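Results of the structural survey
Given next are the chains, with one letter for each unit.
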Amino acid sequence: MINSKKSTSISYSEVGLLSKLTRDYLDGKPNVAELYNLESNSDSIPQLIQERQFSTSKREVLVEVLQEQYGELKSKKVFKNIESLLLENTYTVTTGHQLNLFTGPLYFIYKIVSAIKTAEELSQKYPENNFIPVYWMATEDHDFEEINHTYINGNKIQWNSDQTGMVGEFSLDGIEDAVSQFCSELGNSIASQGLRKTIEKAYLGASNLAEATRVLVHYLFQSYGLVIIDGNHPTLKNLFIPVIAKELFERASFKSVSETISSFEDSHKAQVNPREINLFYVIPGIRERIILENDRYVVNNTDLSFSKTEIQKEFNLHPERFSPNVILRPVYQECVLPNLVYIGGGAEVAYWLELKSTFDFFQIPYPLVQIRDSFLMLSAKDSKKMTSLNLSVLDLFKKKDSLVKDLVDERNPLSPELLKSKSAILSEIKSLQKSLVNYDRNLEKSVGAAQAGLEKVLERLETKVSGAVKRKQEDDWIKLDSLFESVYPGGVYQERRINFFEFYAQYGSEFLDQVFENTRPFCRAVSYTHLTLPTIYSV
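Read on for a plain summary of the structure. (Residues numbered from 1 in each chain as written. Predicted model: local features only at pLDDT ≥ 70, side-chain atom pairs only at ≥ 80, totals over all residues. Heavy atoms only, no water.)

**Side note on the sheet that holds strand E11 (residues 322–324)**
- Spatially, 5 strands are ordered E10-E9-E8-E7-E11 in an open sheet, and the strand pairing comes out antiparallel. Taken across any chain shown, the strands that pair with only one partner, and hence form the sheet edges, are strand E10 (305–306) and E11.
- Inspection of the sheet shows strand E7 (residues 279–283) paired to strand E8 (residues 286–293) by 4 bridges, in the antiparallel sense. Within E8, the residue paired with valine 282 across the bridge is arginine 287.
- With respect to the sheet, helix H12 (residues 241–250) is in contact with E7, E8, strand E9 (296–299) and E11, its orientation differing from that of E7 by roughly 115°. (Pairing = 2+ DSSP bridges. Helix = DSSP H or I, 4+ residues; strand = E, 2+ residues; numbered from the N terminus. Contact = heavy atoms within 4.5 Å. Axes fitted to C-alpha atoms, helices over the stretch in contact; angles between N-to-C directions.)

What follows is the structure in structure tokens.
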């Protein structure tokens, strides 16, 4: 049983998890006001709806593709949401993510929950409209090494494959060992039994990675009405043709994003940098950049190239062969969805802020960009360790070495005496230095060297005393090491490493419900909700 106890909040600026650009955006700083249209809060929705025109024909295309992609997957709530997209008063709240193996790190789930909770809140506030949560699968990504592994119970589970091209189209040949290893980590709880069957069905029964991911995410979120879309579809790519043409022939996004980045000067760092053409050319097994060389459009690392006339014919006949990179993927997404809000992590928010002028160029409405919720999961044992060490939640976001030094100084019974003695000694040396220099200026260097040597002696003494304090309180440092391993397993912040099913297998859907309950849309602070088994600190 998981029982909520209390909630507290800490601002993002205190925990240092975000870039300055993202923090300035969340804080509403005037120096980033030109990077977005409307404040990212629910009060902006009515104005955004007025600006968001999405034609009936586009809605019909979208619904047709979704119904095709879902195939035999069943869910009344999901299908109702899909059908409602035909209505002119239905809009989407979207998040996107790679096809990480077995959902990958925890924050993949947090993004989806944030989208669902935001859609629910907007539906309650504006009941005359429908708001549908959408997960955009990044099926066109080709960075397989980023997604082919996950960590559960401290163990790395990895799927090795020599396939190339878009990962969504990867066959699942050779994935059996990874599935077996992962399922063996789920334990024998009631929740893990049903979960094991679903994972095996998804990854051993699907034809490719995109289908497997859809089956697994649908299993988790069908009761919430989450709609899952794969942008790698010829019919959807037809809607993208005008953007493809302008990108190839006018290099639109390169110019607009470069101008935005140049406006940052020294105040912010660019999250992503544009290429002159931000499109890939894709055919089975290949996803390579398109480069303009000597008036020909060359497909990098291949013998393929096109004249302007040839490539125009190519994208009109086969738009599915043109894949947006990180700069144009948001533009493509907004082309095919009646979207109002995009939910992303800190880095995503930062690169979306580089894109407003690109959206303006293509005359596509720029959505509200909202940061996802973030959580820190701690066991009851870890919470007791925090109490025994007299640590606050904020302490867990300090660098470990700095925290250890603070704790040693705090617990060092000799610290006040050492500090007083050190201060007195150095004061006497300075007084002596003044007297000696007044007597003979040639003694200044000698006194300075003696002072420097004495300071080093005192520093070594302080280090030895600190070491003695550490030895006398060895159990506490073991607790601290254990606590930091929970927060930063393998040196990586927890939500970016541990697999969601490590917790779900123990607590079942109740755990997901608690994450959902503690998700707070449009919140611009780190909120910590203390729970038992486990303790959840929500960011």
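**Some words on the packing of helix H8 (residues 176–184) against helix H9 (residues 190–205)**
- Interaxial distance between H8 and H9 falls to 10 Å at its minimum, and their mutual angle equals 170°. Considering their axes alone, H8 and H9 lie roughly antiparallel with respect to each other. Residues Glu176, Val179, Phe182 and Cys183 of H8 touch H9, and the partners they reach there are Arg196, Ile199, Glu200, Tyr203 and Leu204.
- The residue inventory of the contact of H8 with H9, partitioned by class, reads 6 nonpolar, no polar and 3 charged. (Parallel < 35°, antiparallel > 145°, perpendicular 65-115°, else oblique. Nonpolar A, V, L, I, M, F, W, Y, C, P; charged D, E, K, R; others polar.)

**A few points about the pairing of E8**
- Between E7 and E8, which pair antiparallel and follow one another directly, the connecting turn spans 2 residues, one of which, glycine 285, has a positive phi of 85°.
- Here E8 pairs with E9 via 4 bridges, running antiparallel. Paired with leucine 292 across the bridge in E9 is tyrosine 297.
- Counting the residues in the hairpin turn of E8 and E9 gives 2 residues, including asparagine 294, whose phi is positive at 50°.

**Quick look at the pattern of salt bridges**
- This model, assessed by the stated rule, comprises 14 salt bridges.
- Ionic pairing is found between lysine 237 and glutamate 140, a salt bridge with its closest N-O pair at 3.0 Å. Taken together, the residues span a long stretch of sequence, with lysine 237 in helix H11 (residues 234–238) and glutamate 140 in the loop between strand E3 (130–137) and helix H7 (144–147) at a distance of 97 residues.
- What makes lysine 237 buried here is its relative accessible area of 0%.
- Relative accessible area serves as the criterion here: at 8%, glutamate 140 is assigned to the buried category.
- Of the charged contacts, one joins glutamate 310 and arginine 296 as a salt bridge, the two residues approaching to 3.3 Å between their closest N and O atoms. You can see glutamate 310 sitting in helix H14 (residues 308–317) and its partner arginine 296 sitting in strand E9, a full 14 residues away along the chain.
- Ionic contacts of the salt-bridge type, sharing partners, join the residues Lys20, Asp24 and Lys29 into one network. (Salt bridge = Lys/Arg side-chain N within 4 Å of Asp/Glu carboxyl O. Buried < 20%, exposed > 50% of the residue type's maximum accessible area, 1.4 Å probe, protein only.)

**A short note on the sheet that holds E3**
- Read across the open sheet, the 5 strands follow the order E6-E3-E2-E12-E13; overall the sheet is parallel. Edge positions in the open sheet fall to strand E6 (227–230) and strand E13 (368–371), since each of these has one partner strand only. Sheet twist, expressed as the average angle between the axes of neighbouring strands with direction ignored, equals 30°.
- Alignment of strand E2 (residues 90–97) against E3, held across 8 bridges, turns out to be parallel. Opposite tyrosine 91, over in E3, you have phenylalanine 131 as the bridge partner.
- Against the sheet, helix H6 (residues 106–125) contacts E2, E3 and strand E12 (339–344), and its axis sits at roughly 170° relative to E2.

**As for unusual backbone geometry**
- For asparagine 294, which is not a glycine, the phi torsion comes out positive at approximately 50°.
- Turning to its location among the elements, asparagine 294 is positioned in the loop between E8 and E9.
- For glutamine 363, which is not glycine, the phi dihedral falls at a positive 55°.
- Examined against the element boundaries, glutamine 363 turns out to sit in the loop between helix H17 (356–362) and E13.

**Re the packing of aromatic side chains**
- Counted according to the given criterion, the structure contains 33 aromatic pairs.
- Where phenylalanine 500 meets tyrosine 504, the ring centres are 5.4 Å apart and the plane angle is 40°; that geometry is what we call tilted.
- An aromatic cluster is present here, built from Phe102, Phe182, Tyr203, Phe500, Phe501, Phe503, Tyr504, Tyr507 and Phe511 joined pairwise through their rings.
- It is lysine 117 that lies over the ring of phenylalanine 516; its NZ or CZ is 5.1 Å from the centre.
- A cation over an aromatic ring shows up here: arginine 496 above the ring of tyrosine 107, its NZ or CZ 4.5 Å from the ring centre. (Phe/Tyr/Trp six-rings, centres within 6.5 Å; stacked < 30°, edge-to-face > 60°. Lys NZ or Arg CZ within 6 Å of the ring centre and 35° of its normal.)

**Quick notes on the nonpolar core**
- Ile199, Tyr203, Phe221 and Leu248 are the most contacted members of the largest nonpolar core, which totals 139 residues.
- Among residues more than four places away in sequence, those in contact with leucine 248 are Ile277, Leu279, Ile290, Tyr297, Ile311, Phe315 and Phe322.
- Membership of the second largest hydrophobic core comes to 16 residues, among which are Leu38, Tyr91, Tyr126 and Phe522. (Core = buried A, V, L, I, M, F, W, Y, C linked by side-chain atoms within 4.5 Å.)

**Brief notes about the side chain of glutamate 247**
- Following the sequence through the fold, glutamate 247 ends up in helix H12.
- The side chain of glutamate 247 sits in the buried core without any salt bridge; arginine 251 is the nearest counter-charge, 8.3 Å away.
- Looking at glutamate 247, its side chain comes within polar contact range of the side chain of serine 253, at 2.8 Å.
- With sequence-adjacent residues up to four places away left out, glutamate 247 is seen in contact with Ala252, Ser253, Glu276, Ile277, Asn278, Leu279, Leu328 and Phe362. (Lys, Arg positive; Asp, Glu negative; His and termini not counted. Polar contact = N/O pair within 3.5 Å; in protein donor to acceptor, adjacent residues only side chain to side chain.)

**What about empty space enclosed by the protein?**
- Tallying each qualifying case throughout the model produces 3 cavities of 30 Å³ or more.
- Roughly 40 Å³ of volume is contained in the second largest cavity.
- The residue inventory of the lining of the second largest cavity, partitioned by class, reads 8 nonpolar, 1 polar and no charged. (1 Å grid on protein atoms, 1.4 Å probe; cavity = no way out; pocket = protein on both sides within 12 Å on 5 of 7 lines; lining within 4 Å. Points joined across faces, edges and corners; volume = space filled by probe spheres on them.)

**Concerning helix H22 (residues 474–487)**
- Here H22 is 14 residues long and its end C-alpha atoms lie 20 Å apart, about the 20 Å a rise of 1.5 Å per residue gives.
- Buried within H22 are the following residues: Asp476, Trp477, Leu480, Leu483, Phe484 and Val487. Angularly, the buried residues of H22 cover 120° about the axis, an arc narrow enough to put them on a single face. Facing away from the buried side of H22, by more than 90 degrees, are the exposed residues Asp475 and Ile478. (Expected span 1.5 Å × (residues − 1). Arc of directions from axis to C-beta.)

**Some remarks on the packing of H12 against helix H13 (residues 252–264)**
- Close contact between H12 and H13 brings their axes to 6 Å; oriented N to C, the two are set at 75°. If you check the angle between H12 and H13, you find them roughly perpendicular. On H13, the residues that touch Lys246, Glu247 and Glu250 of H12 are Ala252, Ser253 and Lys255.
- A per-class count over the contact of H12 with H13 returns 1 nonpolar, 1 polar and 4 charged.

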